[in-house]
Amino acid sequence: MPSRIVWDIDHLRAAIGAAEVGLWAWNVDTDEIALDHHALNLWGHLQNSHVTFEDLSSRIHPQDVDRVRSAFAATRPTLGTFEIDFRIRLDNEIRWISARGQGDDKDIAHQLMFGVFLDVTQRKQAEEANELLSGEMSHRVANLLQIASTLTHIAASSSATVEEMAKDLGNRLVALGRAHSLVRPTEKSTTRAVLLGDLFSVLLSPYDLENVGEKRIRVSLPRLGVGKKAITPLALVIHELATNSLKYGALSGSDGTLDVSATTSADEKELSILWVERGGPPVVAPTTHFGFGSRMVHHAVSRDLGGSIAFDWPKEGVVVTLRIDENCLSC
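Computed from a prediction, not measured in an experiment: that's the story for all the values here. (Residues numbered from 1 in each chain as written. Predicted model: local features only at pLDDT ≥ 70, side-chain atom pairs only at ≥ 80, totals over all residues. Heavy atoms only, no water.)

**Q** An account of the side chain of asparagine 27 is requested, with residue identities and associated values reported.
**A** Among the structural elements, asparagine 27 can be located in strand β1 (residues 22-27). Residue asparagine 27 is classed as buried on the basis of its relative accessible area, which comes to 17%. Polar side-chain contacts of asparagine 27 include one of 3.1 Å to the backbone nitrogen of threonine 30. Among all residues touching asparagine 27, those that are not within four sequence positions of it are Glu32, Gln111 and Leu112. (Helix = DSSP H or I, 4+ residues; strand = E, 2+ residues; numbered from the N terminus. Buried < 20%, exposed > 50% of the residue type's maximum accessible area, 1.4 Å probe, protein only. Polar contact = N/O pair within 3.5 Å; in protein donor to acceptor, adjacent residues only side chain to side chain. Contact = heavy atoms within 4.5 Å.)

**Q** Got a sec to walk through the nonpolar core? Specific residues and values, please.
**A** Counting 36 residues, the largest nonpolar core has Leu196, Phe200, Leu204, Leu234, Ile273 and Trp275 as the members making the most contacts within it. Secondary-structure elements contributing two or more residues to this core are α7 (196-204), α8 (228-248), β10 (257-264), β11 (270-278), α9 (292-304) and β13 (319-325). Residue contributions to this core peak at ten residues, all from α8. Ignoring anything within four residues of it in the chain, the contact list for phenylalanine 200 reads Val219, Leu221, Ile238, Val260, Ile273 and Trp275. Within the second largest apolar cluster, 25 residues are counted, among which are Ala39, Leu40, Ile60 and Leu90. (Core = buried A, V, L, I, M, F, W, Y, C linked by side-chain atoms within 4.5 Å.)

**Q** Can you lay out the side chain of serine 57 for me, pointing to particular residues and giving the numbers?
**A** With respect to the helices, strands and loops of the structure, serine 57 is situated in helix α3 (residues 53-57). With relative accessibility at 12%, the residue serine 57 sits in the buried group. Polar contacts involving the side chain of serine 57 include one to the main-chain carbonyl oxygen of glutamate 54, which spans 2.7 Å. Residues in contact with serine 57, not counting those within four places in the same chain, are Val65 and Arg69.

**Q** Account for the sheet that holds strand β2 (residues 32-35), with residues named and values stated.
**A** Backbone-to-backbone hydrogen bonds pair the strands of a sheet. The strands run either parallel or antiparallel. The strand order across the open sheet built from six strands is β3-β2-β1-β6-β5-β4, with neighbouring strands paired in antiparallel fashion. For this open sheet the edge positions go to β3 (50-52) and β4 (81-90), each flanked by a neighbour on one side alone. Averaged over all neighbouring strand pairs, the angle between strand axes comes to 30 degrees, with direction disregarded. Of the strand pairs in this sheet, β1 and strand β6 (residues 112-119) are connected by six bridges, and their pairing is antiparallel. Opposite alanine 25, over in β6, you have phenylalanine 114 as the bridge partner. (Pairing = 2+ DSSP bridges. Axes fitted to C-alpha atoms, helices over the stretch in contact; angles between N-to-C directions.)

**Q** An account of the sheet that holds strand β12 (residues 308-312) is needed here, citing residue identities and associated values.
**A** The strand order across the open sheet built from five strands is β8-β10-β11-β13-β12, with neighbouring strands paired in mixed fashion. Where the open sheet ends on each side, the last strands, each with one partner, are β8 (217-220) and β12. Recorded for the sheet is a direction-independent mean angle of 15 degrees between the axes of neighbouring strands.

**Q** Mind laying out the pairing of β12, listing which residues take part and the relevant values?
**A** Examined bridge by bridge, β12 and β13 share five bridges and lie antiparallel to one another. Bridge pairing links aspartate 312 to valine 319 in β13. Remark: six residues form the turn of the hairpin made by β12 and β13, two consecutive strands paired antiparallel; glycine 317 in that turn has positive phi of roughly 155 degrees.

**Q** So what's going on with the pattern of salt bridges? Which residues, and what values?
**A** Considering all chains together, one arrives at 15 salt bridges under this definition. The salt bridge involving aspartate 66 is made with arginine 69; its shortest N-O contact spans 3.3 Å. Here aspartate 66 and its partner arginine 69 are both found in helix α4 (residues 65-73), three residues apart, which amounts to about one turn of the helix. For aspartate 66, a relative accessible area of 56% translates into the label exposed. (Salt bridge = Lys/Arg side-chain N within 4 Å of Asp/Glu carboxyl O.)

**Q** A description of the environment of threonine 264 should follow, citing residues and the corresponding values.
**A** Tracing the backbone shows threonine 264 in strand β10. In this view, threonine 264 contacts Glu270, Leu271 and Glu326; residues no more than four positions away in its chain are not counted.

**Q** Kindly report on α8, identifying the contributing residues and their values.
**A** The end-to-end C-alpha distance of α8, which contains 21 residues, comes to 31 Å, matching closely the 30 Å that a straight helix rising 1.5 Å per residue would cover. Of all 21 residues in α8, 16 are buried; the element is thus mostly enclosed. (Expected span 1.5 Å × (residues − 1).)

**Q** Describe empty space enclosed by the protein, listing the residues and the values that go with them.
**A** Going through the model one piece at a time under the given rule, you end up with one cavity of 30 Å³ or more. Space inside the largest cavity adds up to approximately 40 Å³. Elements represented by at least two residues in the lining of the largest cavity include exactly β11 and β13. Sort the elements by how many residues they give to the lining of the largest cavity and β13 lands first, with three residues. Partitioning the lining of the largest cavity into residue classes produces six nonpolar, one polar and no charged. (1 Å grid on protein atoms, 1.4 Å probe; cavity = no way out; pocket = protein on both sides within 12 Å on 5 of 7 lines; lining within 4 Å. Points joined across faces, edges and corners; volume = space filled by probe spheres on them. Nonpolar A, V, L, I, M, F, W, Y, C, P; charged D, E, K, R; others polar.)

What follows is the structure in structure tokens.
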């Protein structure tokens, strides 16, 4: 091996090609941007290798255009290196691009500034997934603390002795643990397909009063299997609806009831699950934007279950209609 490696232009081209780095050169006088073939590929096979920022902006995500325009305008007086991450839209695909270069006109030649484009889509998706998980865990912990408090109150009001209360509360917390494991299975868990009615019954069992002869949760669902991929998102939806009912709806008091039923479409391609609450405090429709839990539910239903979820707010109790693609349910 030679003691000194000489980096000639062929070596640099090979390294750039292996890293799939796109090169750009910006003429600060004419605003023209020259792109190499890697950069052209990143931007979706532009027809011309010499473009302007306005040409590129047609592909930048509308929410990012002004930010990117301002950032590029500020690059010349920027001391040191700069990095701008933004989204571009290619047909139905969202791609994240990172533009990097040297500010303060350093190394500028013939009014040309040089830099690179990198595809950072996978990194951004991983960051978004981590943020979603962090938000979900924070939301889940807050919910669990309030659920434990409410279950303690239910156990206390329905038990004659401290021993009965301890047993009742213990059973409810064990059931809640089973429900939680379905919502977020561990890597080592072996999730198996279950029946739709069984899934609802397991998740809702911590909130029932059947042990004191006051069954208030009735589940009447067709005998359909829930596939491995559908269990977690469906369990998440059920868990969120039950939590909200326990905090604000029919399950927050001993007189409230919950009925869960379902119908299938004529072509048997769509399952409609009806969640009906009655007997709780008067319902007031929310006036604020969706919170994290609501956004999480809508995301799980549309992305993982191929369906939709709708809420109605009559005073006697909330009604939720959950529509699921039966093919997604069995996956």
